[in-house]
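Chain residues, written in single-letter form:
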Amino acid sequence: MIKSLLFLMKQVWKYQKSYIFYSIFFQFSKLMKPIGSIVFPKYIIDELMGAQDTEKILLYIISLLLCSFFGDFFSDYFEGKIFVARGIVFNKFQCQISEKLMDCDYENIENPDFLDVKERARKFLYANGQGFGVVLNSAFNILGNLILFAGIVMVVSMLSVWVVIIFVILVLLSTAVDLQVRKNYTKWDMEKAPVERKTAYLLNIAEDFSFGKDIRIYGAKKFLLEKISRHLGISSQFYEKQIKVLNKSRYFNTFMTLLRDATAYAYLVYKVLAHAISIGDFSMYINAVTRFSGAMNELLSSILDIRQFSGYYDALDKYLNVPSTMREGEKRTDMDRNRLCIQFCDVSFRYPGQNSYALNHIDLTIRPGEKIALTGENGAGKTTFVKLLMRLYDPTDGCIKVNGTDIRQLDYDTYQSLIAVVFQDYKLFSFTLKENIDFGKGADENIVTGELCQLGLGSKLESLTRGIDTYVYKNFEEDGFVPSGGEGQKIAIARAVHKNAPVIILDEPTAALDPRAEYEIYQNFNQLVQGKTAVYISHRMSSARFCDKVVVFQAGNICECGTHEELMEDQGLYYELYSMQAQYYV
């Protein structure tokens, strides 16, 4: 509990110091009204029942009203300030969670267990509709209620110490029940996180326009709605359990409140009838008793809030401390970008949790400026080879070297800067064309325009009133444009070319292009890569003829390697695959 509170305080002090000061001032503002409502009514009533001094009565009433007015005024003022400050801290936390997701080792993104941890960590921000804010509020509430509670105890103890003891026992009983309820609530909240992640995915499918065609063509609406309804139903079962146990706690607390009030009124009425206290004292003690239980309940509730959210903090702490192993330690940043020799040295790899190897004992050298085609049937290991080359994963055995240095000894971001990739399942963002290519790095607009024109998108740019400042897709702008498959792939290629990395990887780069566009891409290929090292993954054997070397994969092994002509002469797997495709063109 203390650990989570210290973590929060440290983060708030780092991101928005004013949050702490506003919260302290807020607590002192809150004290004005209850203290005034306990003390001044006694003097007003006693004066009305006694000497009836008008000036004193007026003074007491004005004092009571001013306590109430300024208490509410400053409470509202500082509460507004706290709301704004909390929003700033909330945004920082969101960025921190997103940054961790983008910085963590890529294998985690494909790991459902990690994604569940991430979803649980987000509970720290959103749980109960308040998330971490309730922890900070509770921490400062403890301060305010301790002061209020101490003052009220002094007042009530003047009446009877035994009354204080009875009330403390009643509140502690309520707190014990509440503690157990909160434990179960948090436990169920964590258990439903994977269900909520699946539900969010299904709801996103319904909202994501990219799924719209398939849903309509294949009549998937009923199927998807049933899935969404089923997962929402599972979530509802968790909510139902939480509400049931919360209600039990509320019923018990209501009974304890009844018992407290009955005890207080009975005792105070007896004291008045015995002429032991005045009517004004009766009013003060009743107010004090009511405030006593409320203050103690709030105090203990605040402690329980912090204790409850310790469970959420544990999830956040686990998430934020998932090691980014590829970024750890001091690494080399110096690298001759102009002449990169890449070597796979007896590399084998299996995916986490898998028993079989996706790649076996791969030895391959890619020389500076070399054009290599990777081919083979589906599942042969081509994509895994490229994932290792991009260092999305590290080899299970063996190593990959660049200019003789194991890439694990190189700074991760430095190594990533050496490679540009066009994925077959490339993603375009609902940003402007320029932002999709440059990602806010401030490139000259003429350069970006030239790259797009070089790839055959000049006429498309002319048709767009805002040119490269036109939004891709229509999510946010009505005049956005939806690129065809070929146009989208050309934009993705322009993005890779624009990065100006010495190594460019193209995963089925012409898969979405028509024959004419494919021919144009290959004809301009040497100009596009400008002497860079290029690695093709392709099922179209025609692309291999533009390359210096063809590497054929089969069952996780390299079974053939050579030029197109050499492999055709060998009449092995490459010859077989090439001949199978050629018959459709001859």
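Refer to the structure above for everything that follows.
Being a predicted model, the structure only gives us computed values, none of them experimental.

The rules behind these values
- Residues numbered from 1 in each chain as written.
- Predicted model: local features only at pLDDT ≥ 70, side-chain atom pairs only at ≥ 80, totals over all residues.
- Heavy atoms only, no water.
- Helix = DSSP H or I, 4+ residues; strand = E, 2+ residues; numbered from the N terminus.
- Buried < 20%, exposed > 50% of the residue type's maximum accessible area, 1.4 Å probe, protein only.
- Contact = heavy atoms within 4.5 Å.
- Areas by Shrake-Rupley, 256 points an atom, 1.4 Å probe, with all protein chains shown as cover.
- Axes fitted to C-alpha atoms, helices over the stretch in contact; angles between N-to-C directions.
- Parallel < 35°, antiparallel > 145°, perpendicular 65-115°, else oblique.
- Left-handed = near helix turned anticlockwise from the far one by under 90°.
- Nonpolar A, V, L, I, M, F, W, Y, C, P; charged D, E, K, R; others polar.
- 1 Å grid on protein atoms, 1.4 Å probe; cavity = no way out; pocket = protein on both sides within 12 Å on 5 of 7 lines; lining within 4 Å.
- Points joined across faces, edges and corners; volume = space filled by probe spheres on them.
- Expected span 1.5 Å × (residues − 1).
- Pairing = 2+ DSSP bridges.
- Phe/Tyr/Trp six-rings, centres within 6.5 Å; stacked < 30°, edge-to-face > 60°.
- Arc of directions from axis to C-beta.
- Polar contact = N/O pair within 3.5 Å; in protein donor to acceptor, adjacent residues only side chain to side chain.

Draft legend 1. Seen up close, the overall build of the protein. Assigned secondary structure in the protein consists of 21 helices and 10 strands. Expressed as a percentage of its 586 residues, the buried residues of the protein come to 46%. Residue pairs at least 24 apart in sequence account for 75% of intrachain contacts in the protein once pairs closer than 6 positions are excluded. For the protein, the accessible area works out to roughly 30,700 Å², and carbon and sulfur atoms hold 57% of it.

Draft legend 2. Representation of the packing of helix α15 (residues 445-454) against helix α17 (residues 485-499) in the model. For the pair α15 and α17, interaxial distance at closest approach is 9 Å and the crossing angle is 130°. Here α17 runs oblique to α15, going by the angle between their axes. Read as a crossing pair, α15 and α17 show a hand that is right-handed. The residues of α17 that touch α15, namely those facing I447, V448, E451 and L452, are I491, A494 and H498. Classifying every residue of the contact of α15 with α17 gives five nonpolar, one polar and one charged.

Draft legend 3. Broad picture of the layout of surface pockets. The computed volume of the largest pocket comes to approximately 1,800 Å³. Forming the boundary of the largest pocket are 47 residues, of which M390, L392, Q416, V421 and F423 lie nearest the centre. Elements that contribute at least two residues to the lining of the largest pocket include exactly α3 (54-103), α4 (106-109), α12 (382-389), α13 (412-416), β6 (419-422), α14 (433-438) and α17. Its residues assigned to classes, the lining of the largest pocket comprises 22 nonpolar, 10 polar and 15 charged.

Draft legend 4. Examining unusual backbone geometry more closely. A positive phi is found at Y473, a non-glycine position, where the angle reads about 75°. Its place among the elements puts Y473 in the loop between α16 (458-463) and α17. For Y473, a relative accessible area of 15% gives the class buried. Non-glycine residue Q571 carries a positive phi angle of around 55°. Looking at where Q571 falls in the secondary structure, it is placed in the loop between α20 (564-570) and α21 (573-582).

Draft legend 5. Spatial organisation of empty space enclosed by the protein. Taken as a whole and assessed by the stated rule, the structure comprises two cavities of 30 Å³ or more. Taken as a whole, the second largest cavity spans an internal volume of roughly 30 Å³. Lining the second largest cavity are A420, A496, V497, N500, A501, I504, L528, V529 and K532. Going through the elements one at a time, α17 and α19 (525-529) are the ones with two or more residues in the lining of the second largest cavity. Residues of the lining of the second largest cavity, tallied by class, amount to seven nonpolar, one polar and one charged.

Draft legend 6. Just the packing of helix α2 (residues 18-49) against α3, in detail. Where α2 contacts α3, the two axes come as close as 7 Å, and the packing angle between them is 160°. The orientation of α2 with respect to α3, classified from their angle, is roughly antiparallel. Where α2 crosses over α3, the two elements pack in a sense that is left-handed. Here the contact of α2 with α3 is composed, by residue class, of 21 nonpolar, nine polar and eight charged.

Draft legend 7. Spotlight on helix α10 (residues 221-273). Here α10 spans 74 Å end to end across 53 residues, near enough to the 78 Å set by a 1.5 Å rise per residue. Of the residues one or two after α10, H275 is the one with positive phi, at around 60°.

Draft legend 8. Highlighting the sheet that holds strand β8 (residues 533-537). Judged by pairing direction, the sheet is mixed, and its six strands sit side by side in the order β6-β7-β8-β3-β9-β10 without closing on themselves. Looking along the sheet, the strands with just one partner apiece sit at the ends: β6 and β10 (557-562). Put simply, the sheet's adjacent strands are angled 20° from each other on average, direction ignored. The sheet contact formed by strand β3 (residues 371-376) and β8 spans four bridges and is parallel. Residue pairing across strands places A373 opposite Y536, the latter belonging to β8. Across the sheet, α12 is in contact with β3, β6, β7 (503-507), β8 and β9 (549-554); its angle to β3 comes to roughly 140°. Its contacts with the sheet place α17 against β6 and β7, and it is angled at close to 175° to β6.

Draft legend 9. Spotlight on the packing of aromatic side chains. Following the criterion strictly, the structure yields 18 aromatic pairs and no others. A ring pair is formed by F70 and F74, whose centres lie 6.0 Å apart and whose planes are at 20°; its orientation type is stacked. Of this pair, F70 and F74 both sit in helix α3, four residues apart, which is roughly one turn of that helix. Here the aromatic residues Y22, F25, F69, F70, F73, F74, Y77 and F78 are joined through ring pairs into a cluster of three or more.

Draft legend 10. Highlighting α15. Taken as a whole, α15 has its buried residues at V448, E451 and L452. Along the long axis of α15, the arc covered by the buried residues comes to 95°, so they all point the same way. Structurally, α15 contributes buried residues whose contacts are with α14, α16 and α17. The N-terminus of α15 is capped by D444, whose side-chain oxygen sits 2.7 Å from the backbone nitrogen of N446. Downstream of α15 by a residue or two, G456 has a phi angle that is positive, lying close to 90°.

Function cannot be inferred from these measures alone, as they are strictly geometric.
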